[in-house]
Structure formats: structure tokens, C-alpha cells
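Structural overview for review
Each chain, letter by letter, is given below.
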Amino acid sequence: MARRLNPWRWVVLGLAALYFLVPLAASVVFTVDVPGQGVSFDAYREIVSTAGFGSSLLLSLELALATIALVLLLMVPAMVALRLGAPRLRPVVEVVCSLPLVVPPIAFVAGISTVLKWGPEYLSRTPLFETFVAVQNPDFPFVLVLAYVVMALPFVYRALDSGLRAIDVRTLVEAARSCGAPWAQALLRAVLPNLRGALLNAAFLTLALVLGEFTVAQLLGFQPFAVWIYSVGGSQAQLSVAVSVLSLLVTWALLLALAGVGGRNRTASSRG
């Protein structure tokens, strides 16, 4: 039975590869094929030399790192505590973490904009006024990090939940506690090493979300990499497609680099 199903598996994988790779290959050919000149990479050279390329990409990477750190810092202890102390609340937490999937991004941004406009007007004489100003700093808009954390909750929750289901958290924590480890050390030394795959998956999804997010950043008036791509690639067709291809390649390269780091860590821990 397995031998009969194996060829169909390769057929499905081949069709999926064609579905994704053929449009990408056609886009690459369109960007490098100049009528009357042959193959030319001027479109890609123009992107790299365009003002704002490095700064917008760096900003997106900084936002992604901050979002990953903050969402994991919030979700990992909460998920472990939920599994150990209040498993009956799991459906409630699951519904709350899934809400960003059903809230339209336009409505989400409208709510954020309302709060940002309301804060300076009514809190101008309080210390919170400086907070509202600081989170909207164009050099590093922390308000985008907060928004991305909310948007990443459904994906991070699923990744961590599947990882926690695969291990016996209670036994690991009780073993660490019986050896005299405090709660924080039990979490860091006993639970997190067994959640490496789930943490890596959560980081993958969050990184892809932040690098590709456009609506929130555009409507709030900031310019990370996705917004820069839109502003640069809207004037010329060939340049626009080249920018989209470059965005995909940058995202894939970062995900592969993150996977490589995770793979080396797993190899080192297995040898140790």
C-alpha cells in the first residue's frame, strides 16, 4: 500500500513545486529580459542603489527581532503555566489568541490610530504623554512591534501548543523542582530545550509576518521594507516585479539562515 502511494506523493509535490516555481521563474525572466538588449540585471542594481533600501530592510529586521523576543517572552511562560495550572482555560486562551485572524487589519489599524490620537490630547499633562510620543518614533516605531505581537499570536500559539503537547511538561518541571531549581530555572533548563523546534517554528512565522506586513505600517505612516517596496516599485513594471522577487529572496534567505542556526544548535546539543 505504501509503495502504491509513494508515486502519488511525488506527483503532488511536483505539481506544488510547479505551482510555486513557474510564476517565480516567469517573474525573474521578465525582470532580466530587456527587449533589444538581451539579459540585463539593471533592475536589481537600481533597487540596491535606490535610497532607503538599507534603512528600510534594517528597520524591518529590527522590528522582527523585537517582535519575536516580545511574543515569546509573553507566550512561553503563559502557555507553560496554562498547561500546568489551568488546563481548563485552554479553550478560552485559544479563542483569544485566534481573534487577530477574524479582525480585519483595517479595523485593527483604525483602533490603533484612535488610541494614538486620543492619548496625546487627553494625557498631555501626564508622564504617559512621553510614552505615546516614544512609541511612534520613526527610527524605531515600537507601536508596530506591539501591533505585530498581536497579529502573531495565532501562529505562535499554535506552534507552542503543538510543541507542548509533544512533551510531558509536568514531569520535566517536577523533576527540575525536586532537584532544587527555582521556577525560572526549571523553565529555562528543563522545558525550553525540549521546545526548540516549536520556538523555531514560532520565530519562522513571526519573521515572515513582520517582513511581509504592509497594511498596518502603511496606514500608520511608517516605512519598513514592505512599504518601501510598494513605494519604489509602483512607477515601473519591470522594477516593481524585481522588487517583489527581491523581497521573496530576502525572506527565504533569512528563514534559511534561521533554520541553519537552529540545526547547528540541535547538532551541538545532541553531541553534548
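To start, this report covers the structure provided alongside it. Note that this is a predicted model, so its numbers are computed, not measured.

**A few points about the packing of aromatic side chains**
- Counting across every chain of the model gives 5 aromatic pairs.
- Measuring from centroid to centroid gives 6.0 Å for Phe-53 and Phe-225, while their planes differ by 70°, and the two rings are edge-to-face. In this pair, Phe-53 is assigned in helix 3 (residues 53–85) and Phe-225 in helix 12 (residues 225–233), connecting sequence segments 172 residues apart.
- Note on Phe-225: relative accessible area 2%, which makes it buried.
- A centroid spacing of 5.9 Å and a plane angle of 10° characterise the contact between Phe-225 and Trp-228, whose relative ring orientation is stacked.

**Observations regarding the pattern of salt bridges**
- Tallying each qualifying case throughout the model produces 4 salt bridges.
- Here Glu-94 ties to Arg-90 by a salt bridge, and the two come within 3.7 Å at their closest N and O atoms. In this pair, Glu-94 and Arg-90 are both assigned in helix 4 (residues 90–102), 4 residues apart and thus about one turn of the helix distant.
- Through salt bridges with shared partners, a single network forms among Arg-90, Glu-94, Arg-158, Asp-161 and Arg-165.

**Here's the deal with the side chain of Thr-31**
- Here Thr-31 lies in helix 1 (residues 2–32).
- For Thr-31, the contacting residues outside a window of four places in its chain are Ser-40, Ala-43, Tyr-44, Gln-238, Val-241 and Ala-242.

**Some details on helix 2 (residues 42–49)**
- All of the buried residues along helix 2 are Ala-43, Tyr-44 and Ile-47. Take helix 2 and look down its axis: the buried residues cluster within an arc of 95°, on one side only. Seen from the buried face of helix 2, the exposed residues on the opposite side, beyond 90 degrees, are Arg-45 and Ser-49.

So, how was this worked out
- Residues numbered from 1 in each chain as written.
- Predicted model: local features only at pLDDT ≥ 70, side-chain atom pairs only at ≥ 80, totals over all residues.
- Heavy atoms only, no water.
- Phe/Tyr/Trp six-rings, centres within 6.5 Å; stacked < 30°, edge-to-face > 60°.
- Helix = DSSP H or I, 4+ residues; strand = E, 2+ residues; numbered from the N terminus.
- Buried < 20%, exposed > 50% of the residue type's maximum accessible area, 1.4 Å probe, protein only.
- Salt bridge = Lys/Arg side-chain N within 4 Å of Asp/Glu carboxyl O.
- Contact = heavy atoms within 4.5 Å.
- Arc of directions from axis to C-beta.

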